[in-house]
Structure formats: C-alpha cells, structure tokens
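# An overview of the molecular structure
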Amino acid sequence: MQHSFDVVTYIPASPSHLQARGFDPVYELYKDIFDLKKLFAKVDADKPQAQKNRLERLQTPQTFYPLPALEQIQRNQSILILDDIYTTGRTLMHSHDMFLQAGFTNISTFSLSR
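Every chain begins its residue count from 1, and numbering advances along the sequence as written. Selection of residues for local features in this predicted model requires a pLDDT of at least 70, selection of side-chain atom pairs for listing and counting requires 80 or more, and totals for whole chains, interfaces and linings are taken over all residues. Only heavy atoms go into the side-chain values, all of them from the structure, while hydrogens and water stay out.

## A look at the overall build of the chain
Note the cut-off: What counts as a helix is a DSSP run of H or I of at least four residues, what counts as a strand is a run of E of at least two, and both are numbered from the N terminus. When we talk radius of gyration, it's over C-alpha atoms, and the globule rule is simply 2.2 Å times the number of residues to the 0.38. Burial here depends on accessible area, computed with a 1.4 Å probe over protein chains only, as a share of the maximum for the residue type. Under 20% is buried, over 50% is exposed, and the range in between is partly exposed.
From N to C terminus, the chain includes 4 helices and 5 strands. The linear arrangement of helices and strands in the chain, starting from the amino end, is β-α-α-β-α-β-β-α-β. Relative to the globule expectation of 13 Å for 114 residues, the C-alpha radius of gyration of the chain, 14 Å, shows essentially globular dimensions. The dimensions of the chain, computed from C-alpha atoms along their principal axes, are 35 × 30 × 30 Å. Here the chain, with 114 residues, has 37% of them falling under the buried criterion.

Right, here's the structure in full:
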C-alpha cells in the first residue's frame, strides 16, 4: 500500500528539551526523508514524558499550539504527523486534536516504534 501526503510535519521538542539536547530528535530522525514543515510547537510540561508513568501520560493536558505557518496550509490538504516513539498515544492524539481544531480532517500519524 502506498500513501502520499500534501504536508508532512513532526512532533516538536519542547523548548527546555531543545535547549538541553541542542537538537530536535524527531526532526533529526526524518529530515533526510521528508520535506518537514514546522507547523506547531510544544510548551514545556511539568516534567518530561519519559519521567511519567502510564496514568500520568494519559492525564497530560494539551501542550501543542499552532504556529503562524499553519495558516498557510489549505484545510483540505492531507497531513502526516511524525513521531519517534508511541507509548500511550497521548502525544499523537493531542497533535491530531490540534489539527482537527484548526479545521483539518485528513490527518494521519506515524511513529517508528511502539
């Protein structure tokens, strides 16, 4: 089965993680494969996802917000959201919800590992 997407974006690192690491791991994983568009950003949470148990992850509130670049994308275009690891699905669900609230309906997600 083959798929094509109009726009490919990725789960961005939070500002504190970006500063601590010096790079965005999800962007780095996919940058040589896709023409990635940075369409949304993530606010710093109370603690990193990796330090949360399953229940804490599932209770994490929405941490994503759209960037101005999202306004340039036609709402009828297909969107692919990339992530590195799928644990509970909360991160991809929140990103998916943000795109739904922005008026998109053709939204797919992909992660390397589960």
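More follows now that the structure is in view.
## Digging into helix α4 (residues 90-101)
To keep things clear, this is the line we draw: Multiplying one less than the number of residues by 1.5 Å gives the expected span of a helix. Here, residues are in contact when the closest pair of their heavy atoms is within 4.5 Å.
Its 12 residues place the ends of α4 16 Å apart at the C-alpha level, agreeing with the 16 Å of an ideal helix rising 1.5 Å per residue. Every buried residue belonging to α4 is among R90, T91, L92, H94, S95, M98 and F99, and all of these are buried. Packing partners of the buried residues in α4 comprise β1 (7-10), β2 (40-42), α3 (54-58), β3 (64-66), β4 (79-85) and β5 (107-113). Two residues or fewer after α4 comes G103, characterised by a positive phi angle close to 105°.

## As for a nonpolar patch on the surface
Rules: Here the term patch refers to residues with relative accessible area over 30% and no salt bridge, with like charges joined within 9 Å and nonpolar side chains (Val, Leu, Ile, Met, Phe, Trp, Tyr) within 5 Å. Exposure was quantified through the Shrake-Rupley algorithm and a 1.4 Å probe, taking into account, for residues, occlusion by the shown protein chains and nothing else. Here, a salt bridge means any side-chain nitrogen of Lys or Arg that lies within 4 Å of a carboxyl oxygen of Asp or Glu.
Taken together, L29, F110 and L112 make up a surface patch of nonpolar side chains, about 280 Å² in accessible area. Tracing the chain through its elements places L112 in strand β5.

## Some remarks on the nonpolar core
The criterion, for reference: We define a nonpolar core as any set of buried Ala, Val, Leu, Ile, Met, Phe, Trp, Tyr and Cys residues linked to one another through side-chain atoms lying within 4.5 Å.
Among the nonpolar cores identified, the biggest contains 14 residues, and L39, F40, I79, I81, F99 and F104 are the most heavily contacted of them. Among the secondary structure elements, those contributing two or more residues to this core are β4 and α4. Excluding its chain neighbours within four sequence positions, the residues that come into contact with L39 are V7, T9, P66, L67, A69, L70, I73 and F99. Grouped together as the second largest cluster of nonpolar side chains are 7 residues, V26, L36, L80 and L82 included.

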